Amino acid sequence: MQNNEFKNTVRELLEENILKYWIERVTDHENGGYFGRVDGHDFVHSHAPKGAVQNARILWAFSAAYRVLGNAEYLDAATRALDYFLDNFIDKEQGGVFWSLNYMGKPLDTKKQTYAIGFAIYGLSEYARATGSKRALDSAINLYYDIEKKAYDSKGNGYIEALTREWQPIKDMRLSDKDENGSRTMNTHLHIIEPYTNLYRVWKSEDLKKSILNLIDIFTEKLLNKETNHLDLFFDDEWHGKRNIESYGHDIEASWLLHETALVLGEKQVLNTIEPIIRSIAKASDEGLRPDGSMIYEHWKDNNTYDLQRQWWVQCESVIGHVNLYQYFQDEEAFVKAKQCWDYIQTNLVDKENGEWYWAILDDGTTNRSDDKAGFWKCPYHNSRMCLELIEREF
């Protein structure tokens with residue numbers, strides 16, 4: 001398949017399968033914004049809670065789609081997401097964002113999860129990047145300072161996982177029920193450096209640059225397991241952790257996001273430092289690849305067991321991460337891996353009849369319909385971003 005033909009195929013998938021689904025099936029015309037949940041059988045749960053991460057990701061996806069493709073319908077969807085987020089999710093009294101709202105837009109869980117604030121910055125900065133909106137940019141900058149002033153621990157040099165609405169210590173910091181209750185996590189730091197990088201594209205602040213450079217140091221000195229080249233996941237205030245889980249999707253995602261950060265900063269010394277590291281992380285992630293081109297989820301080293309699900313987001317990150325290796329390092333084998341994973345996605349995860357993607361293919365080969373098509377963690381982010389990266393990149 002020629003490059004232009006391939007990009008046209010990707011664009012069709014993005015527009016007809018993903019974005020169309022969110023506009024037609026997930027837009028909440030009665031209560032504003034977007035529905036909190038559409039299950040794996042395409043049933044809309046109109047009274048489901050609405051999550052900050054989901055809504056920030058919707059804002060990012062339609063903003064980025066408008067920036068790249070110029071479709072006015074995507075601008076309308078992005079503006080809808082922007083208005084709803086700023087009107088309802090922003091905590092106008094204490095700063096930061098609420099973790100969740102009820103279906104009518106009233107605060108439900110008011111804790112300050114740093115991960116969610118990071119995604120708010122990601123979506124707002126992308127809207128500003130796409131439209132030049134001062135309102136979106138100012139809101140992103142305000143949230144940046146909320147994180148730096150209230151969730152950054154200068155003593156331990158890291159970002160606190162979660163706090164109460166009033167930015168006080170909270171007992172349960174977990175992002176989800178499956179996570180360890182660590183005060184520092186790789187996942188949150190990854191999704192702070194990601195929005196900070198995007199914000200830097202539109203706001204060349206020296207404070208922000210220092211924060212980004214420090215985050216790169218945290219990744220290379222604290223999060224990277226120098227024995228395995230995987231990124232370890234959960235830590236305490238002093239960066240002590242069990243280092244017992246390998247998450248292949250997070251590894252390959254981090255490999256290209258950290259590279260993107262260095263490229264956006266544009267400093268040769270930073271690039272020279274990070275490139276060998278991201279290549280080693282990407283190589284370690286390949287331990288999760290399977291002969292059919294897919295990438296499994298996790299490896300628990302304590303008892304040497306594996307989560308063999310082929311989750312939708314892991315496949316997206318595998319495609320982008322391997323294309324990144326091909327584009328910048330002429331790694332022909334990586335391009336083959338990206339193509340194999342792309343084929344796996346088309347064959348197994350894309351719902352060609354109803355739209356959007358299934359959550360996962362289970363180890364027995366069956367489709368996971370018990371998890372959502374749209375919800376707190378199922379958003380037009382990983383798959384839209386994969387498509388947009390493939391459309392924008394020169395490879």
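Calculation notes
- Along each chain, residues carry numbers from 1 onward, in the same order as the chain's sequence is written.
- pLDDT decides what is reported in this predicted model: residues at 70 or higher carry local features, side-chain atom pairs at 80 or more are listed and counted, and totals for whole chains, interfaces and linings draw on all residues regardless.
- Only hydrogens and water are set aside when side-chain values are computed; all heavy atoms of the structure are taken into account.
- Secondary structure is summarised from DSSP: a helix means a run of H or I of at least four residues, a strand means a run of E of at least two, and numbering begins at the N terminus for each.
- Within these notes, the globule rule equals 2.2 Å times the number of residues to the 0.38 power, and the radius of gyration is based on C-alpha atoms.
- Think of it in three bands: residues with accessible area under 20% of the maximum for their type are buried, residues over 50% are exposed, and the middle band is partly exposed, with areas taken using a 1.4 Å probe on protein chains only.
- Here a residue-residue contact requires only that any non-hydrogen atoms of the pair lie within 4.5 Å.
- Only the protein chains shown count as covering a residue, and every accessible area follows the Shrake-Rupley method with a 1.4 Å probe.
- All tallies of charge rest on Lys and Arg as positive and Asp and Glu as negative; His and the ends of each chain are not included.
- By convention, the charge on Lys lies at NZ, on Arg at CZ, on Asp at CG and on Glu at CD.
- The salt bridge criterion pairs a side-chain nitrogen of Lys or Arg with a carboxyl oxygen of Asp or Glu, the two atoms within 4 Å.
- The pairing criterion is simple: DSSP has to find at least two bridges between the two strands.
- Geometry is summarised by axes, namely lines fitted to C-alpha atoms with helices restricted to the contacting stretch, and by angles between N-to-C directions that run from 0 to 180 degrees.
- With respect to orientation, any angle under 35 degrees is reported as roughly parallel, any angle over 145 as roughly antiparallel, any angle of 65 to 115 as roughly perpendicular, and every other angle as oblique.
- Crossing handedness is defined as follows: a turn of the near helix away from the far one that is anticlockwise and smaller than a right angle gives a left-handed crossing, while the clockwise case is right-handed.
- The nonpolar class holds Ala, Val, Leu, Ile, Met, Phe, Trp, Tyr, Cys and Pro. Asp, Glu, Lys and Arg form the charged class, and all remaining residues, Gly among them, are polar.
- Working definition of a nonpolar core: buried Ala, Val, Leu, Ile, Met, Phe, Trp, Tyr and Cys residues. They are joined through side-chain atoms within 4.5 Å.
- Under the pairing criterion, centres of Phe, Tyr and Trp rings, with the six-membered ring standing for Trp, must be within 6.5 Å; the plane angle then separates stacked pairs below 30 degrees from edge-to-face pairs above 60, leaving the rest tilted.
- Remark: a charge is flagged as sitting over a ring if the NZ atom of Lys or the CZ atom of Arg is within 6 Å of the ring centre and within 35 degrees of the ring normal.

Draft legend 1. The overall build of the chain, seen in detail. Assigned secondary structure in the chain consists of 12 helices and 17 strands. Against the globule reference of 21 Å for 395 residues, the chain gives a C-alpha radius of gyration of 20 Å, in line with a compact fold. When the 395 residues of the chain are sorted by exposure, 63% land in the buried category. Partitioning the intrachain contacts of the chain with sequence separation of at least 6 by distance along the chain shows that 65% fall at a separation of at least 24. As displayed, the chain has an accessible area near 15,800 Å², and 46% of this comes from carbon and sulfur atoms. Between the centroid of the 46 positive side chains of the chain and the centroid of its 64 negative side chains there is a distance of 3 Å.

Draft legend 2. Focus on the pattern of salt bridges. The final tally for this structure, using the stated rule, is 34 salt bridges. Of the charged contacts in the structure, one is a salt bridge between Arg11 and Glu15, with a shortest N-O distance of 2.8 Å. Of this pair, Arg11 and Glu15 both sit in helix 1 (residues 3–25), 4 residues apart, which is roughly one turn of that helix. Classification of Arg11 as partly exposed rests on a relative accessible area of 35%. We note a salt bridge from Arg184 to Asp237, for which the minimum N-O separation is 3.5 Å. Within this pair, whereas Arg184 is found in strand 10 (residues 184–185), its partner Asp237 is found in the loop between strand 11 (234–235) and strand 12 (245–247), the two being separated by 53 residues in sequence. What makes Asp237 partly exposed here is its relative accessible area of 37%. Each of Arg67, Glu126, Arg129 and Glu392 takes part in one network of salt bridges that share partners.

Draft legend 3. Highlighting the environment of Ser255. With respect to the secondary-structure elements, Ser255 resides in helix 8 (residues 248–265). Judged by relative accessible area, Ser255 falls into the buried class, the value being 1%. Separated by 28 residues in the primary sequence, Ser255 and Lys283 have C-alpha atoms spaced 9.4 Å apart. The contacts of Ser255, once residues within four sequence positions are left out, are Ile278, Ile281, Ala282 and Gly321.

Draft legend 4. Inspection of helix 12 (residues 382–392) at higher detail. Counting buried residues along helix 12, 10 of its 11 residues qualify, which places the element largely inside the surrounding structure. Of the residues making up helix 12, those classed as buried are His382, Asn383, Ser384, Arg385, Met386, Cys387, Leu388, Glu389, Leu390 and Ile391.

Draft legend 5. Just unusual backbone geometry, in detail. Despite not being glycine, Asn157 has its phi angle at roughly 55 degrees, a positive value. Mapped onto the fold, Asn157 is located in the loop between strand 7 (152–153) and strand 8 (158–159). In this structure, Arg243 takes a positive phi of about 50 degrees despite not being glycine. Here Arg243 lies in the loop between strand 11 and strand 12.

Draft legend 6. Just the sheet that holds strand 4 (residues 100–101), in detail. Spatial ordering of the open sheet is given by 3-4-5, a layout of 3 strands whose pairing is antiparallel. Each edge of the open sheet carries a strand with a single partner, namely strand 3 (50–51) and strand 5 (107–109).

Draft legend 7. Looking closely at the packing of helix 5 (residues 134–151) against helix 6 (residues 186–202). With their axes 11 Å apart at the nearest point, helix 5 and helix 6 run at an angle of 135 degrees to one another. Judged by the inter-axis angle, helix 5 sits oblique to helix 6. When the axes of helix 5 and helix 6 are compared, the crossing they make is left-handed. Across the interface between the two elements, Leu137, Ala140, Ile141, Tyr144, Ile147 and Glu148 of helix 5 pack against Tyr196, Leu199 and Val202 of helix 6. Per-class residue counts for the contact of helix 5 with helix 6 are 8 nonpolar, no polar and 1 charged.

Draft legend 8. Quick look at the sheet that holds strand 13 (residues 298–300). Within the open sheet, the 3 strands sit side by side as 12-13-14. Their pairing is antiparallel. The open sheet has two free edges, formed respectively by strand 12 and strand 14 (305–307), since each of these has just one partner strand. Sheet twist, expressed as the average angle between the axes of neighbouring strands with direction ignored, equals 15 degrees. In this structure, strand 13 lies alongside strand 14, joined through 3 bridges in antiparallel fashion. Across the sheet, His299 pairs through a bridge with Tyr306, a residue of strand 14. Its contacts with the sheet place helix 8 against strand 12, strand 13 and strand 14, and it is angled at close to 55 degrees to strand 12.

Draft legend 9. Focus on the nonpolar core. In terms of nonpolar packing, the biggest core is built from 131 residues, with Phe62, Val97, Tyr196, Leu199, Trp357, Met386 and Leu390 touching the most fellow members. For this core, the element with the most residues is helix 2 (residues 52–69), which contributes 11 residues. In contact with Met386, other than residues within four places in its own chain, are Cys316, Val319, Ile320, Trp342, Ile345 and Trp357.

Draft legend 10. Quick look at the packing of aromatic side chains. One pass over the structure, following the stated rule, counts 25 aromatic pairs. Seen in terms of ring centroids, Phe6 and Phe395 are 6.5 Å apart; in terms of plane orientation they differ by 75 degrees. Their pairing is edge-to-face. Note that Phe6 is positioned in helix 1 and Phe395 in the segment after helix 12, a separation of 389 residues in sequence. By the ring-pair criterion, three or more aromatic residues cluster together here, those being Trp60, Trp99, Tyr115, Phe119, Tyr122, Phe376, Trp377 and Tyr381. In this structure, Arg57 packs its charged tip against the face of Phe119, placed 4.4 Å from the ring centre.

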